[in-house]
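Each chain is listed here by its residues.
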Amino acid sequence: MTLLYLLDMIGTAAFAASGAWAGVRREMDLLGVLILGMVTAIGGGTLRDMLLGDTPPFCLKDENYLWLSLIVSLLVFFGHRHLERLKHPLLYFDAVGLGTFVVIGTGKALQFNLGPFGAVLMGIMTATAGGVIRDVLSNRVPLILQREIYASACLIGAGLMVSLSYTALPQSLIFILAASSVILLRLLAINNNWALPKAQLP
């Protein structure tokens, strides 16, 4: 098991937990919680693979992603009363997953010979599309459309990875630098309540 795969699993678990938790808070039944957990965890990567023409999607080639999402969602459903104490660790795991998903999505797009703009979009989509689906299904304004430093962190990380791909740096180092930039920016935003400016209405 590679470090990138391990981090990918951690991110998948964190995203599944956030989706399932959203379902619990919206008082959905067991099936609704499971669906929300799974689409949050695998939605972005599945959409990416479909757009790239890489079928079947990654989660059907490696069902560990599906099983992990299902198990975590079940744990959240039956143990949601204890979830509040895990709030901050989940945020940190989510940040790790965010950075990992950006790297995986951007790297896969580059392998499919997409241009810089397309590669950055695929990286952002991999990391955020599942959360968008979660928020839409739970009747909330998607997180990436709010003030939080979330999609913007993905944009910076994906842009950095694309830029470094034109250098002679080893691929492993590029992965680490790009993922670290997303994780660090997201953690700093969480700890310091950073947010993007919004228009001031009269």
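Residue positions are counted from 1 within each chain, in the order its sequence is given. Side-chain atom pairs in this predicted model are given and counted only at pLDDT of 80 or more, local residue features only at pLDDT of at least 70, and totals for whole chains, interfaces and linings cover all residues. Note: side-chain values were computed over all heavy atoms of the structure, leaving out hydrogens and water.

**Some thoughts on helix H7 (residues 151–164)**
Let me state the cut-off plainly: Working definition: helices are DSSP H or I runs of at least four residues, strands are E runs of at least two. Numbering for both runs from the N terminus. Expected helix span is given by 1.5 Å per residue-to-residue step, counting one fewer step than there are residues. Under the scheme applied here, a residue whose accessible area is under 20% of the maximum for its type counts as buried, over 50% as exposed, and between as partly exposed, the area being computed with a 1.4 Å probe on protein chains only.
In this model H7 runs 20 Å from its N-terminal to its C-terminal C-alpha over 14 residues, within 8% of the 20 Å that 1.5 Å per residue would give. Turning to H7, its buried residues number three or more, namely Ala151, Ser152, Ala153, Cys154, Gly157, Ala158, Met161, Val162 and Leu164.

**A short note on the environment of Ala195**
Within the fold, Ala195 resides in the segment after helix H8 (171–192). Distance in space between the C-alpha atoms of Ala195 and Tyr150 is 9.0 Å, their sequence separation being 45 residues.

**Details of the layout of surface pockets**
Let me state the cut-off plainly: Cavity: a set of points on a 1 Å grid over the protein atoms alone where a 1.4 Å probe fits but cannot get out. Pocket: an open set with protein on both sides within 12 Å along at least five of seven lines, its lining residues, like those of a cavity, having an atom within 4 Å of a point. Grid points are joined across faces, edges and corners, and a volume is the space filled by probe spheres set on the points. When residue character is reported, Ala, Val, Leu, Ile, Met, Phe, Trp, Tyr, Cys and Pro are called nonpolar, Asp, Glu, Lys and Arg charged, and the others, Gly included, polar.
Approximately 350 Å³ is the volume found for the second largest pocket. Lining the second largest pocket are 20 residues, with Asp8, Arg48, Tyr65, Ile104 and Lys108 positioned closest to its centre. Secondary-structure elements contributing two or more residues to the lining of the second largest pocket are helix H1 (3–25), helix H2 (30–52), helix H3 (58–61) and helix H5 (87–111). Take the lining of the second largest pocket: its biggest share by element is 6 residues, from H5. The residue makeup of the lining of the second largest pocket, split by class, is 9 nonpolar, 6 polar and 5 charged.

**Remarks on the state of the cysteines**
Spelled out, the test is: The criterion for a disulfide is a pair of cysteine sulfur atoms lying within 2.5 Å.
On inspection of all chains with the given rule, the structure shows 0 disulfides. Left without a disulfide partner, Cys59 is nearest to the cysteine sulfur of Cys154, which lies 19 Å away.

**Here's the deal with the environment of Glu148**
Mapping Glu148 onto the fold places it in the loop between helix H6 (116–137) and H7. Glu148 sits 10 residues away from Ala158 along the chain, and the two C-alpha atoms are 18 Å apart.

**Details of empty space enclosed by the protein**
Following the criterion strictly, the structure yields 2 cavities of 30 Å³ or more and no others. By volume, the largest cavity amounts to about 50 Å³. For the largest cavity, the full set of lining residues is Phe15, Ser18, Thr40, Asp94, Ala127, Thr128, Gly130, Gly131, Arg134 and Tyr150. Elements represented by at least two residues in the lining of the largest cavity include exactly H1 and H6. Residue contributions to the lining of the largest cavity peak at 5 residues, all from H6. Class assignment of the residues belonging to the lining of the largest cavity gives a composition of 3 nonpolar, 5 polar and 2 charged. Looking at the second largest cavity, the residues that line it are Thr128, Gly131, Val132, Arg134, Asp135, Pro142, Leu143, Ile144 and Tyr150.

**Regarding unusual backbone geometry**
A negative phi angle characterises most non-glycine residues, just as the trans form characterises most peptide bonds. The omega angle of the peptide bond from Thr55 to Pro56 is -5°, so this bond is cis rather than trans. Secondary-structure assignment places Pro56 in the loop between H2 and H3. If you check the backbone angles, Glu27 has positive phi at about 60° while not being a glycine. Topologically, Glu27 is positioned in the loop between H1 and H2.

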